[in-house]
Amino acid sequence: MTFTPTRILIFGGTGTIGSYITTSLLRAQPRFPQITLFTSPGTAEKKASQIAKWKSDGLSVIVGDLTSSADVKSAYQSSQADTVISAVGRGGLQHQIELLRLAEESNTVQWFLPSEYGTDIEHNDKSPDEKPHQLKLKVRKYIRDELRRVKVTYVVTGPYFDMWVDTAPGLESAGGFKPEEKKAWIIEDGEGKIGFCTMWDVGKFVVGTLRHPEESFGKALKVQSFIVSPNEVLAEYEKQTGAKWEVTKTPLDDLKSLETDLWAKGNPRATSATLRRIWAEGGTLYEKNDNDVLNVEGLDSLADAVKHALVGGYKADTF
């Protein structure tokens with residue numbers, strides 16, 4: 001099938017990663033003919049300034065309820081979307097099944113990119129049992145069992161570097177960097193490689209995916225900005241700050257114990273501990289990633305990513 005996406009509909013496009021995807025789509029050259037954001041009344045009001053800026057860049061907006069089948073069906077019809085991008089957060093992953101069902105029933109939707117940005121949920125034989133993966137795995141099962149007409153592509157990015165470097169208060173031992181204190185927490189000896197994406201590069205990879213439909217249909221594309229060890233990240237921080245940092249190393253078994261304890265207590269931060277353990281165990285590494293499939297130019301380097309992190313992140317000076 002020869003296909004070029006021309007009418008794009010985005011769900012979750014104002015969220016943590018969705019904002020980068022929406023902005024990247026609007027900045028893409030050549031431009032996409034139509035980009036539409038589906039958002040809730042509350043978000044439309046709360047993020048009115050950002051949405052107004054996007055509208056000045058050519059974005060169309062549909063206000064509705066993600067959990068309303070009637071609203072979603074109406075959005076598909078009114079936008080005549082041929083491509084749907086979901087960037088819903090972890091709390092909304094389960095709603096994608098209905099989005100997919102209605103897409104399959106529609107007369108226009110040909111391609112669907114579910115919200116898979118982040119950790120590879122089918123990386124190895126342990127992946128099916130990882131607690132944070134369960135909703136995404138349920139969505140993948142629905143796609144395999146029920147979709148016949150709509151094509152699907154997963155854009156799997158690994159951890160966002162911008163978030164990985166941050167420490168969680170009280171959970172510093174799980175890993176992260178505190179530039180203001182020149183302190184770092186590293187798992188094991190810090191030599192294990194991790195494949196990262198910066199959040200801006202997630203947006204670039206989504207645009208790249210849309211430029212290569214034939215190569216992307218039916219695939220889980222593993223894409224990465226760079227692959228480095230925590231020690232290499234530390235060295236870059238020390239280089240850019242001109243200072244020696246205080247380093248605390250956490251044994252992997254200690255991280256596993258913390259993870260188990262957080263799940264036992266029903267602490268929502270257990271998800272973060274599990275993901276950091278997965279990354280430390282090599283859950284982002286492949287013999288070869290799919291960067292070459294998309295041929296995206298201008299990706300961030302480690303030096304770029306650390307530079308932006310030191311000034312407060314990418315949003316501070318680019319949104």
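It should be noted that the structure appears before, not after, this text.
Residues numbered from 1 in each chain as written. Predicted model: local features only at pLDDT ≥ 70, side-chain atom pairs only at ≥ 80, totals over all residues. Heavy atoms only, no water.

### Notes on a negative patch on the surface
Working step 1: A grouping of Glu 188, Asp 189, Glu 191, Asp 253 and Asp 254 is seen on the molecular surface, where their side chains present a negatively charged patch.
Working step 2: Within the fold, Glu 191 resides in the loop between β9 (183-187) and β10 (194-196).
Working step 3: Under the relative-accessibility criterion, Glu 191 is labelled partly exposed at 48%. (Patch = residues over 30% accessible without salt bridge, like charges linked within 9 Å, V, L, I, M, F, W, Y side chains within 5 Å. Areas by Shrake-Rupley, 256 points an atom, 1.4 Å probe, with all protein chains shown as cover. Salt bridge = Lys/Arg side-chain N within 4 Å of Asp/Glu carboxyl O. Lys, Arg positive; Asp, Glu negative; His and termini not counted. Charge placed at Lys NZ, Arg CZ, Asp CG, Glu CD. Helix = DSSP H or I, 4+ residues; strand = E, 2+ residues; numbered from the N terminus. Buried < 20%, exposed > 50% of the residue type's maximum accessible area, 1.4 Å probe, protein only.)

### Section: the packing of aromatic side chains
Working step 1: Counted by the stated rule, this structure contains 15 aromatic pairs.
Working step 2: For the ring pair Phe 161 and Phe 226, a centre distance of 5.5 Å and an interplane angle of 70° mean the geometry is edge-to-face. One end of the pair, Phe 161, is in helix α7 (residues 161-164); the other, Phe 226, is in strand β12 (residues 226-228), and 65 residues separate them in sequence.
Working step 3: Judged by its relative accessible area of 1%, Phe 161 falls in the buried class.
Working step 4: For the ring pair Trp 164 and Phe 177, a centre distance of 5.6 Å and an interplane angle of 50° mean the geometry is tilted. (Phe/Tyr/Trp six-rings, centres within 6.5 Å; stacked < 30°, edge-to-face > 60°.)

### Considering unusual backbone geometry
Working step 1: With omega at -5°, the peptide bond leading from Gln 29 into Pro 30 counts as cis.
Working step 2: With a phi close to 55°, Lys 182 is a non-glycine residue in the positive phi region.
Working step 3: Among the structural elements, Lys 182 can be located in the loop between β8 (176-178) and β9.
Working step 4: Even without being a glycine, Asn 295 presents a positive backbone phi close to 55°.
Working step 5: One can find Asn 295 in the loop between α13 (291-294) and α14 (302-310).

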